[in-house]
Amino acid sequence: MELGTKRSGLTDRREVMRNYNTHQLNSLAMCEVVEKLGHETKKSGAYHVMLCPFHDDHHPSMVVKEHYARCYVCNRGFNVIDFVKEDKNITFLEACEWLYSEFGVGREYTSDTVRVRKSTPAITRLHARKPSPVQTMRHDWAFTLEYVAEHVSMQDSFCKCLASFFDKEKIRYVAEMYGIGCLGLDDTMFPVIDSALNVHNIKIQHYDTDPHSAGFFHKDRNAWWYGKKYIETHQCSASACCDVQCFFGEHLISYYPSSIIILVESPKNAILGTCAWPEYVWVAAGNKNMLTRQRMECLRGRKVIVMPDADAEEEWRTILDGMQDIATFIFSDMIPSFRAMGNKCDIGDWIVRKMATYIKKC
Ligand SMILES: [Zn+2]
């Protein structure tokens, strides 16, 4: 599975985000789109098939699913926008324009990316959906959603790094969505919140904010867990602050029931990914020990694109292959792109590098 937009220019991408709801465009019926483009499809089992326009195809090798097409000879997959872009050999922006002109959908929100998700799940707004007290009283949680909401901020070192690449309104939106906040002068807090909106713990991390330093955007102090410190200083009992038993961003999974999930390792990558591709729900597992069947339940029935750090791919594959009954786990074919940058590299490094190149060109 490819992330549809990786080849398009970032300027193009920004223009699209300003004007189009890509999620809506990608939700168009693939069959109708390919037929509009002049391709003939025929029914074959549960799906349609067609001659692949991207290789010299004589027996239909391209399977056309609801919102997705894949050629098993080229070994390439396409979402709706991607297919139009490649088939007509036009830019990502032009593909969106074409889809809009042909189908009349996809321009619901015209002013900014952040409107793509009309119902912004800002932590503060999520509060209104908090389950009944009976449910939340089961645990005496050390941190509350109110605490997180009060500390949402863009003054922390991580948001300062993001500000080198993304506009403020977008960072604010993402910070509110995940509850990113500031502690002390500019340490970043990443709260880990479950679907019942319990705050399991808060990870604290400081980032190097100097864009000219080699460590830019990387942690320059060890991460620590706020919950653990609370217990050590007897501000709460050991039972009140659990170990992290949920994914970072888990509270967003049920909020977007039809979105594709992208599973990464670190909260940092989930945030960078959301800034770059907000149409997906980005969730961070933390590490491979979190990849248990029990933990994966929150992903049940969903389509999950998996993007571990380059050096962890094999291990993750082995674990997740045994869990395909829970969710559809698809390893991203962007992994080779960031592995090419180094064995320790991840999608976050890739995005930062792409964004840095873009900024230099401006
Ligand atoms: Zn092909």
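Our structure is the block above this text.
Below or above, wherever it landed, is the structure these notes cover. Note that the structure is predicted; figures quoted are calculated from it, not measured.

### Regarding helix H4 (residues 80-88)
Within the span of H4, buried status applies to Val 80, Ile 81, Asp 82, Phe 83, Val 84 and Lys 85. Considering only its buried residues, H4 is in contact with helix H2 (22-26), helix H3 (30-36), strand E4 (68-71), strand E5 (76-79) and helix H5 (92-103).

### Points about the environment of Ala 149
Along the chain, Ala 149 turns up in helix H8 (residues 145-151). Spatially, the C-alpha atom of Ala 149 lies 8.9 Å from that of Ile 180, the residues being 31 residues apart in sequence.

### What about the nonpolar core?
Within the largest apolar cluster, 65 residues are counted, with the highest numbers of intra-cluster contacts made by Ile 261, Leu 263 and Val 283. Ranked by residue count, the leading element in this core is helix H10 (residues 168-178), at six residues. Apart from residues lying up to four places away in sequence, Val 283 is in contact with Phe 247, Phe 248, Gly 249, Glu 250, Ile 253, Ile 261, Leu 263 and Ala 270. Counting 24 residues, the second largest nonpolar core, distinct from the first, contains Val 33, Cys 71, Val 84 and Leu 93.

### Some words on the pairing of strand E8 (residues 199-205)
The buried count for E8 comes to six of seven residues, which makes it a mostly enclosed element. Bridge analysis of strand E7 (residues 187-193) against E8 gives six bridges, and the strand direction is antiparallel. Within E8, the position partnered with Ile 193 by the bridge is Val 199. Linkage of E7 to E8, two consecutive antiparallel strands, is achieved through a turn of five residues, within which Leu 197 is found at a positive phi near 65°. When E8 meets strand E9 (residues 224-225), the two strands line up antiparallel, connected through two bridges.

### Here's the deal with the environment of Gly 77
Tracing the chain through its elements places Gly 77 in strand E5. Residue classification places Gly 77 among the buried positions, given that 20 C-beta atoms sit within 10 Å. When the C-alpha positions of Gly 77 and Val 63 are compared, they lie 9.4 Å apart, and in sequence the two are 14 residues distant.

### Considering the sheet that holds E7
Spatially, four strands are ordered E6-E7-E8-E9 in an open sheet, and the strand pairing comes out antiparallel. At either end of the open sheet lies a strand with only one pairing partner, and these are strand E6 (181-183) and E9.

### Focus on the pairing of strand E13 (residues 328-331)
Where strand E12 (residues 303-307) meets E13, four bridges bridge the pair, whose relative direction is parallel. By the bridge assignment, Lys 303 is partnered in E13 with Thr 328. For the handedness criterion, the β-α-β arrangement of E12, helix H14 (residues 313-321) and E13 is classed as right-handed.

### Here we look at the packing of H4 against H5
Geometrically, a packed helix pair is captured by the angle between its two axes and the distance between the axes. Relative orientation of the contacting elements H4 and H5 amounts to 105°, with a least axis distance of 8 Å. The pairing of H4 with H5 is recorded here as roughly perpendicular in orientation. Taken together, the residues of H5 that come into contact with H4 (itself represented by Val 80, Ile 81, Val 84, Lys 85 and Lys 88) are Phe 92, Ala 95, Cys 96, Trp 98 and Leu 99.

### Here's the deal with the packing of H10 against helix H12 (residues 267-276)
Following both chains from N to C, one finds H10 and H12 inclined at 135°, their axes separated by 10 Å at the closest point. The angle between H10 and H12 falls in the class oblique. As for how H10 packs across H12, the hand of that crossing is right-handed. For the pair H10 and H12, contact is made by Lys 170, Val 174 and Tyr 178 and by Ile 271, Thr 274 and Cys 275, respectively. For the contact of H10 with H12, a count of residues per class yields four nonpolar, one polar and one charged.

About the cut-offs
- Residues numbered from 1 in each chain as written.
- Predicted model: local features only at pLDDT ≥ 70, side-chain atom pairs only at ≥ 80, totals over all residues.
- Buried ≥ 20, exposed ≤ 12 C-beta atoms within 10 Å, placed from the backbone.
- Helix = DSSP H or I, 4+ residues; strand = E, 2+ residues; numbered from the N terminus.
- Contact = placed C-beta atoms within 7 Å.
- Core = buried A, V, L, I, M, F, W, Y, C linked by C-beta atoms within 7 Å.
- Pairing = 2+ DSSP bridges.
- Right-handed = clockwise from strand over helix to strand, strands pointing away.
- Axes fitted to C-alpha atoms, helices over the stretch in contact; angles between N-to-C directions.
- Parallel < 35°, antiparallel > 145°, perpendicular 65-115°, else oblique.
- Left-handed = near helix turned anticlockwise from the far one by under 90°.
- Nonpolar A, V, L, I, M, F, W, Y, C, P; charged D, E, K, R; others polar.

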